[in-house]
Amino acid sequence: MPSPDQLSFELIDQEPTSLGLLTLHRYTAPDGQTGFEVRIDDAFLMATHGAAGEVHMARLAWEALGAPRQGLHVLVGGLGAGHTLRAVLDLAGVAAVTVAELGAKVVEWNRAHFAASSGHALDDPRVRVVVGDLARLLAATDQGFDLMLLDVDNGPGWLAAPGNARLYQAAGLAECWRALRPGGVMAVWSPSVNAAFRDALARAFPGAKECPTGAFNEQGERGEDVVYLGTRPRR
């Protein structure tokens, strides 16, 4: 996929929200490739292209579980363009996936415009979508998930909503701990190293890891994104 300045964009839909103006754009590359991109107040949120980081996050979290990996219940925080959900559904042993997505419009756009690029992930019978705040779902969950993959912001350092800051602090991380089953793993994607979050995660999850994804961007360059992993001990 060419760089953004080589793409032409067409506004398809929009919705004012408490967080800003949410917009959906169709893009076309010089070679005729097309896709969709979502922005808030013209800041990039998600797109058809660029699924490598999400795939690596799902794989890293799954590998950190250890065996056995059967009957897994997974939480995906943030539907985005459906890339993380697709990656989770492709993992072995996944029995059920709960997707927490704040924006009903994002769910609608996924069904209408991102279905092809996500392999119609929302149609998988293992998937349940909860339209609402991830923090509320976490607070109401006790040992409900084997895996939790959180990508509700562009990393802990760039928040889609100011209220999301709590998720990356001690109180929010404690709720993540409680929502995991013993032996469960939480993964958080970040576009780059975030030392403050790494330290906070290590206090909540002793032995937490910072893992470069090794993913390549659309220009064939190795990205700087990392995945933070925290495991709740089995005992």
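Values in this document were obtained by computation on a predicted structure and should not be read as measured data.

## A look at the overall build of the protein
Then, in step 1: Within the protein, the secondary structure is distributed over six helices and eleven strands.
Then, in step 2: A globule of 235 residues ought to have a C-alpha radius of gyration of about 18 Å, and the protein, at 17 Å, matches this closely.
Then, in step 3: Projected onto its principal axes, the C-alpha positions of the protein cover 55 × 35 × 35 Å.
Then, in step 4: Within the span of the protein, comprising 235 residues, buried residues form 47% of the whole.
Then, in step 5: Here the contacts in the protein between residues at least 6 apart in sequence split such that 63% fall between residues at least 24 apart.
Then, in step 6: Only carbon and sulfur atoms are counted for the fraction: they give 52% of the accessible area of the protein, which is about 11,000 Å².
Then, in step 7: For the protein, the distance from the average site of its 20 positive side-chain charges to the average site of its 27 negative ones is 12 Å.

## Remarks on the nonpolar core
Then, in step 1: With 40 residues, the main nonpolar core has V38, V74, L85, V88, V97, L147 and L149 as its most contacted residues.
Then, in step 2: Residue contributions to this core peak at five residues, all from helix α1 (residues 52-65).
Then, in step 3: Ignoring sequence-local partners within four residues, the contact set of L85 consists of L79, V97, V99, A121, L122 and V127.
Then, in step 4: Counting 22 residues, the second-largest nonpolar core is a separate cluster that includes L167, C176, L180 and Y228.

## Considerations on the pattern of salt bridges
Then, in step 1: For the structure on display, the rule yields twelve salt bridges.
Then, in step 2: A salt bridge links R26 to E10, with the shortest nitrogen-to-oxygen separation between them at 3.2 Å. Of this pair, R26 sits in strand β2 (residues 20-28) while E10 sits in strand β1 (residues 8-17); the two residues are 16 residues apart in sequence, bridging distant segments of the chain.
Then, in step 3: Residue class for E10 comes out partly exposed when judged on its relative accessible area of 42%.
Then, in step 4: Across the pair D146 and R181 runs a salt bridge, and its minimum N-O distance is 3.1 Å. Separated by 35 residues along the polypeptide, D146 in strand β8 (residues 145-150) and R181 in strand β9 (residues 180-190) bring together distant segments of the chain.
Then, in step 5: Looking at R181, the relative accessible area reads 26%, which means it is partly exposed.
Then, in step 6: Through salt bridges with shared partners, a single ionic network connects D13, K105 and E108.

## Examining the sheet that holds β8
Then, in step 1: Spatially, seven strands are ordered β7-β6-β5-β8-β9-β11-β10 in an open sheet, and the strand pairing comes out mixed. Every interior strand has two partners, whereas the edge strands, β7 (127-131) and β10 (209-212), have only one. On average, each strand axis in the sheet is tilted by 20 degrees relative to the strand beside it, whichever way the strands run.
Then, in step 2: For β9 and strand β11 (residues 226-231), the ladder comprises six bridges, and the chain directions are antiparallel. When the sheet's bridge partners are listed, W189 is paired in β11 with V227.
Then, in step 3: Those strands touched by α1 are β5 (72-77), β8, β9, β10 and β11, and its axis lies near 155 degrees from that of β9.

Cut-offs used in this document
- Residues numbered from 1 in each chain as written.
- Predicted model: local features only at pLDDT ≥ 70, side-chain atom pairs only at ≥ 80, totals over all residues.
- Heavy atoms only, no water.
- Helix = DSSP H or I, 4+ residues; strand = E, 2+ residues; numbered from the N terminus.
- Rg over C-alpha atoms; globule rule 2.2 N^0.38 Å.
- Buried < 20%, exposed > 50% of the residue type's maximum accessible area, 1.4 Å probe, protein only.
- Contact = heavy atoms within 4.5 Å.
- Areas by Shrake-Rupley, 256 points an atom, 1.4 Å probe, with all protein chains shown as cover.
- Lys, Arg positive; Asp, Glu negative; His and termini not counted.
- Charge placed at Lys NZ, Arg CZ, Asp CG, Glu CD.
- Core = buried A, V, L, I, M, F, W, Y, C linked by side-chain atoms within 4.5 Å.
- Salt bridge = Lys/Arg side-chain N within 4 Å of Asp/Glu carboxyl O.
- Pairing = 2+ DSSP bridges.
- Axes fitted to C-alpha atoms, helices over the stretch in contact; angles between N-to-C directions.

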